[in-house]
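Observations on chain architecture
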Amino acid sequence: MSGPANGLWSYVEHFLTWLDEASHAPGGEVTIKFLVELSLGGLGVLSFEVGRHIKHNWRKIVVNVKQHLSGWKLVLLWIDVDNTTAQRIANRLRKNLPYVHVQLLNAPHEILLYPLTPSVVEAVALISTDVTKLSSDDRIREEIERNLEHYILKGGGLVAGHDLIYRRTRNTRLIRAFGIEKVKFDSNRTTPVRYEKTAIGANHPLSRRLPDTFSLDDGEVLLITWKNDAQVQVLFQEAGITGPQRGLVATREYEGGRLVWMNSADHGEELAKSIATPSDQYIDLLAASIQWVTQLKQLAPGAPLIGAHRGASAYGGENTLRAFQVAIDLEADFIECDIRRTQDGVLVLHHDAAVGENTANSLIIADKPFVELQSRATALKRPLATLEELLILAKGHIQLDLELKVTGYEEEIAAMLKQHEWPPDRFVVTSFLESALIRFKECYREAKCGLLIGESKWKLLKDWYPEARLRRTGADFVAAADRLVRFGFARRLSRKHYPVWIWTVNDTLRMSKLLRTPGVEGVISDFVYVAKQEQSKARRL
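Quantities reported herein were computed from a predicted structural model and do not represent experimental measurements.

1. Digging into the overall build of the protein
- What the protein contains, in helices and strands, is 19 helices and 23 strands.
- Buried residues in the protein amount to 52% of all 541 residues.
- Long-range pairs, those at least 24 residues apart, make up 66% of the contacts in the protein between residues at least 6 apart in sequence.
- Just so you have it, the protein exposes about 25,100 Å², and 52% of that area is on carbon and sulfur atoms.

Pasting the structure below:
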């Protein structure tokens, strides 16, 4: 939205927020109760119950209207700590998860105000640091559990912290959903608990971007016995301890839903430092857990990634096998290259439509056979590379970003990728041409495709709002020119679940900023070595 529409929505949102806060404040219920008592002639108990239901239903209407108008995808977060600490954790998560709107709840029963469907609520995170019940009223607690169970069965995601599954919380439905047979208290800890990645965790998407070992001040550890048929995967164990009962992070896929339990951040005599501060390691673990259960369409774990523009073109001729090999040696995350087809059907990697130094002596690739084109390119000391050569060279070493320069050969490229057994999570296809993306999606539905924008300054306004084109082409992400990524462009698109890749960034300061920008998943550069250094700095933050 922009202009008047944006302003109108802003006023509506502020008004709804005010109503929500007014009804949620202690005086809100008193006022409603008083009005109902007047209307019912002072029937005390009945008026209080009616007032409570009016307040609940009014807040539910407000929440639903706000969600419908905003289009937000929600992560509901409740933590049984003080408001300041909870808000601090929520703010840190918002920076780590720009794809969703993290909604901090004041109490677990507020879950009942939201439409618990995966299309609206992408995850629920209930971080219980103490033996805190979901509600002191057993009827409400059972209603919360029942709704959460149905939500998981519909494909929802749930992240639980520490004591949520402890027997004294009486969350029997959740204990069953997590596949737990028995829970036992271990002991208080005076030293931080050392987390160590298991063999399963080394290859699991949740833990892939987390360090192999790290420490958290947890206060205590629970011993868990999992049901034999629950198929629980323990991703982190306590270092030096064997056996699944000492699992510190465990996941389960249950009836279409996903669950994560974190044996972290206990509240003993005082709140564990890992959550009170909170520590970077705890935030990273919580964000990774939420990201996995939400099944977000992030293109690659460990983003933002560094792409080698036309290979490592600053260190070798662009789109040549030498440039591609240097990109692999410099440990770029992916190679970006351009595909064209010769007159005799060879798929070659070349940016321009012609081979040659000037217009008069150049050879149009589409009009000449490969042998003639290769002869000219070799004379210019920039021999042509073919797509097949790149697929053989790069397989098992690096990911690929294949740009389609023209239409008409989408089916051939898809067939070649399948022939060389390139899995769809190891490459993406991009193009400025909407028809090329649509056609490639028809040929290879599992592949990820990105819409390229920003080629012309005259189309700046059109490119600034590419959402309609993204929906039309079925694109999974947008690859934007650097000049477009200003004024919240990446954050706006990421909230609509469109990650942003940026081309071509060669300025060091600009790289540094973009690699820390929420929503940016890839930065393409000629200078891979410099970009990788900036990437390392950004990931340490």
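2. A word on the sheet that holds strand S11 (residues 257-262)
- Taken in spatial order, the 9 strands of this open sheet run S2-S1-S3-S4-S11-S10-S9-S6-S7, and their pairing is mixed. Two strands close off the open sheet at either side, each with one partner strand: strand S2 (101-104) and strand S7 (213-216). Direction aside, neighbouring strands of the sheet carry axes that sit 20 degrees apart on average.
- With 4 bridges connecting them, strand S6 (residues 193-197) and S7 associate as antiparallel partners. Looking at the pairing, Tyr195 lines up with Phe214 of S7.

3. Considerations on the confidence of the model for the protein
- For the protein, per-residue confidence averages 82 on the pLDDT scale, and 81% of positions sit at 70 or higher.
- Looking at the elements of the protein, mean pLDDT is at its lowest for helix H2 (residues 26-40), recorded as 43, and at its highest for strand S14 (residues 347-349), recorded as 97.
- Across residues 21-56, where pLDDT falls below 50, the model places 28 contacts with residues more than four positions away in sequence or in other chains.

4. Remarks on the pattern of salt bridges
- Per the counting criterion, the structure on display carries 26 salt bridges.
- Taking the shortest distance from any N to any O, the salt bridge between Arg310 and Glu318 comes out at 3.0 Å.
- Connected via shared salt-bridge partners are Arg310, Glu318, Asp338, Arg382, Glu403 and Lys405.

5. As for helix H13 (residues 410-419)
- Among all positions of H13, only Glu410, Ile413, Ala414, Met416 and Leu417 are buried. What you see down the axis of H13 is that its buried residues fit within an arc of 160 degrees, all on one side. In H13, those exposed residues whose orientation departs by more than 90 degrees from the buried face are Glu411 and Gln419.
- Packing partners of the buried residues in H13 comprise strand S13 (334-341), S14, helix H12 (387-394), strand S18 (399-404), strand S19 (427-431) and helix H14 (434-443).
- Positioned one or two residues after H13, Glu421 has a phi angle of 55 degrees, which is positive.

6. So, the packing of aromatic side chains
- By the definition in use, this model includes 10 aromatic pairs.
- Between Phe432 and Trp503, the aromatic rings sit 6.0 Å apart at their centres with planes inclined by 85 degrees, giving edge-to-face as the arrangement. With Phe432 in the loop between S19 and H14 and Trp503 in strand S22 (residues 500-503), this pair connects stretches of sequence that are 71 residues apart.
- On the accessibility criterion, Phe432 (21% relative accessible area) is partly exposed.
- Here Lys418 stacks its cationic end above the ring of Tyr444, 4.7 Å away from the centre of that ring.

7. Focus on helix H10 (residues 321-329)
- For H10, the full list of buried residues reads Ala323, Phe324, Val326, Ala327 and Ile328.
- Contact partners of the buried residues in H10: strand S12 (305-309), S13, S14, strand S17 (385-386) and H12.
- One or two steps after H10, the chain reaches Glu331, where phi turns positive at roughly 65 degrees.

8. What to know about the nonpolar core
- Within the largest apolar cluster, 61 residues are counted, with the highest numbers of intra-cluster contacts made by Ile339, Leu387, Leu400, Ile413, Leu417, Phe427 and Phe440.
- Apart from the residues within four sequence positions on either side, Leu417 is in contact with Leu391, Leu402, Trp422, Phe427, Phe440 and Tyr444.
- Leu93, Ala123, Leu286 and Val293 belong to the second-largest nonpolar core, a separate cluster that totals 40 residues.

9. Quick notes on the packing of H13 against H14
- Where H13 contacts H14, the axes come no closer than 9 Å and their chain directions differ by 40 degrees. The pairing of H13 with H14 is recorded here as oblique in orientation. By crossing handedness, the relation of H13 to H14 is classed as right-handed. Contacts between H13 and H14 involve Glu410, Glu411, Ile413, Ala414, Leu417 and Lys418 from the former and Ala436, Arg439, Phe440 and Cys443 from the latter.
- Broken down by class, the residue content of the contact of H13 with H14 amounts to 6 nonpolar, no polar and 4 charged.

10. Observations concerning the pairing of S6
- In S6, alternate side chains face the same way, and those of Val193, Tyr195 and Lys197 are buried while those of Arg194 and Glu196 on the opposite face are not.
- As judged from the 3 bridges shared by S6 and strand S9 (residues 233-238), these two strands associate in the antiparallel manner. Bridge pairing in S9 links Tyr195 to Glu238.

Parameters at a glance
Residues numbered from 1 in each chain as written. Predicted model: local features only at pLDDT ≥ 70, side-chain atom pairs only at ≥ 80, totals over all residues. Heavy atoms only, no water. Helix = DSSP H or I, 4+ residues; strand = E, 2+ residues; numbered from the N terminus. Buried < 20%, exposed > 50% of the residue type's maximum accessible area, 1.4 Å probe, protein only. Contact = heavy atoms within 4.5 Å. Areas by Shrake-Rupley, 256 points an atom, 1.4 Å probe, with all protein chains shown as cover. Pairing = 2+ DSSP bridges. Axes fitted to C-alpha atoms, helices over the stretch in contact; angles between N-to-C directions. pLDDT = per-residue confidence, 0-100. Salt bridge = Lys/Arg side-chain N within 4 Å of Asp/Glu carboxyl O. Arc of directions from axis to C-beta. Phe/Tyr/Trp six-rings, centres within 6.5 Å; stacked < 30°, edge-to-face > 60°. Lys NZ or Arg CZ within 6 Å of the ring centre and 35° of its normal. Core = buried A, V, L, I, M, F, W, Y, C linked by side-chain atoms within 4.5 Å. Parallel < 35°, antiparallel > 145°, perpendicular 65-115°, else oblique. Left-handed = near helix turned anticlockwise from the far one by under 90°. Nonpolar A, V, L, I, M, F, W, Y, C, P; charged D, E, K, R; others polar.

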